[in-house]
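Observations on chain architecture
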Amino acid sequence: MEDRYGKFMMLINNINRCIKRIENDQMHKYNLRSYHISCLYNLYKHKGITATDLVEMTQQDKASISRSIDFLQDKEYIYCQSKTLKKYKSPILLTQKGQLVAKEIADKIDMVLKQLDQLLTDSQREEFYQNLQNIYQALKNVQERKSVEDEH
């Protein structure tokens, strides 16, 4: 009998590991971590978004985004546009240094996606993402049912 769980977990973990290695290779020269990529990338693609927007876009927890923003601000990759608004409501912008790094990140992401695009047709890609969404939703439903059962 096929070990579906083992195969599923191995593939998901290996894909995640490859992505993290690609991200870390890119970030090493800037003394940044892979988890900074999503912040810089989204700030590059969407000018003047807030920390709240970043939490929503990246699906990372608020504390992680807050730590990333503090770090990126300390290293002068980003700055908050407003000094009067609360931290999570203030638009965040890239500095010139941040723009250069974020553009390099975006270019690398585009290059990787172009390579992946060669593997699937548009309809296969759409079906692939729909399948991933379905798997995610099914796992989330199991998790939520478990949480409700634990409460009772």
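Above: the structure in question.
These numbers were taken from a predicted model, which means no experiment stands behind them. (Residues numbered from 1 in each chain as written. Predicted model: local features only at pLDDT ≥ 70, side-chain atom pairs only at ≥ 80, totals over all residues. Heavy atoms only, no water.)

Look at helix α4 (residues 62-74): 18 Å from first C-alpha to last across 13 residues, which is about the 18 Å you get at 1.5 Å a residue. If you check which residues of α4 are buried, you get Ser64, Ile65, Ser66, Ser68, Ile69 and Leu72. Residues of α4 that are buried sit in contact with α2 (34-45), α3 (51-58), β1 (78-80) and β2 (92-94). Sitting at the head of α4, Asp61 places a side-chain oxygen 3.2 Å from the backbone nitrogen of Ala63. Glu76 sits one or two positions beyond α4 and adopts a positive phi of about 65°. (Helix = DSSP H or I, 4+ residues; strand = E, 2+ residues; numbered from the N terminus. Expected span 1.5 Å × (residues − 1). Buried < 20%, exposed > 50% of the residue type's maximum accessible area, 1.4 Å probe, protein only. Contact = heavy atoms within 4.5 Å. Polar contact = N/O pair within 3.5 Å; in protein donor to acceptor, adjacent residues only side chain to side chain.)

Right, let's get into the environment of Tyr79. As for its placement among the helices and strands, Tyr79 is situated in strand β1. Residue Tyr79 is classed as partly exposed on the basis of its relative accessible area of 37%. Not counting the four nearest positions on each side in its chain, Tyr79 is found in contact with Gln73, Pro91, Ile92, Leu93, Leu94 and Thr95.

This part covers the packing of aromatic side chains. The full count for this structure, using the stated rule, is one aromatic pair. On the numbers, 5.4 Å between centres and 65° between planes, the contact of Phe128 with Tyr129 is edge-to-face. On the accessibility criterion, Phe128 (40% relative accessible area) is partly exposed. Over the face of the ring belonging to Tyr44 we find Lys47, whose NZ or CZ atom lies 4.8 Å from the ring centre. The ring of Tyr77 carries Lys97 above its face, with NZ or CZ at 4.5 Å from the centroid. (Phe/Tyr/Trp six-rings, centres within 6.5 Å; stacked < 30°, edge-to-face > 60°. Lys NZ or Arg CZ within 6 Å of the ring centre and 35° of its normal.)

Here α3 has its buried residues at Ala51, Leu54 and Thr58. Along the long axis of α3, the arc covered by the buried residues comes to 50°, so they all point the same way. The secondary structure elements touched by the buried residues of α3 are α2, α4 and β2. The positive-phi residue at the C-terminal boundary of α3 is Gln59, with phi of around 60°. (Arc of directions from axis to C-beta.)

Together, Phe8, Ile12, Leu113, Leu116, Leu119, Leu120, Phe128, Tyr129, Leu132, Ile135 and Leu139 line one region of the surface with nonpolar side chains, adding up to about 960 Å² of accessible area. Mapped by element, the contributors of at least two residues to the nonpolar patch are α1 (4-28), α5 (96-117) and α6 (122-151). When residues in the nonpolar patch are grouped by element, the largest group, five residues, is from α6. Considering the arrangement of structural elements, one finds Leu113 in helix α5. (Patch = residues over 30% accessible without salt bridge, like charges linked within 9 Å, V, L, I, M, F, W, Y side chains within 5 Å. Areas by Shrake-Rupley, 256 points an atom, 1.4 Å probe, with all protein chains shown as cover. Salt bridge = Lys/Arg side-chain N within 4 Å of Asp/Glu carboxyl O.)

Moving on: the environment of Met57. If you trace the backbone, Met57 turns up in helix α3. A residue is classified by how much of its surface remains accessible, and Met57, at 36% relative accessible area, is partly exposed. Look past the residues within four positions of Met57 in its chain and what remains in contact with it is Asn42, His46 and Ile49.

Turning to the side chain of Thr50, a few remarks are in order. With respect to the helices and strands, Thr50 occurs in the loop between α2 and α3. Judged by relative accessible area, which is 13%, Thr50 ranks as buried. Excluding residues that lie within four positions of it along the chain, Thr50 makes contacts with Tyr88, Lys89, Ser90, Pro91 and Ile92.

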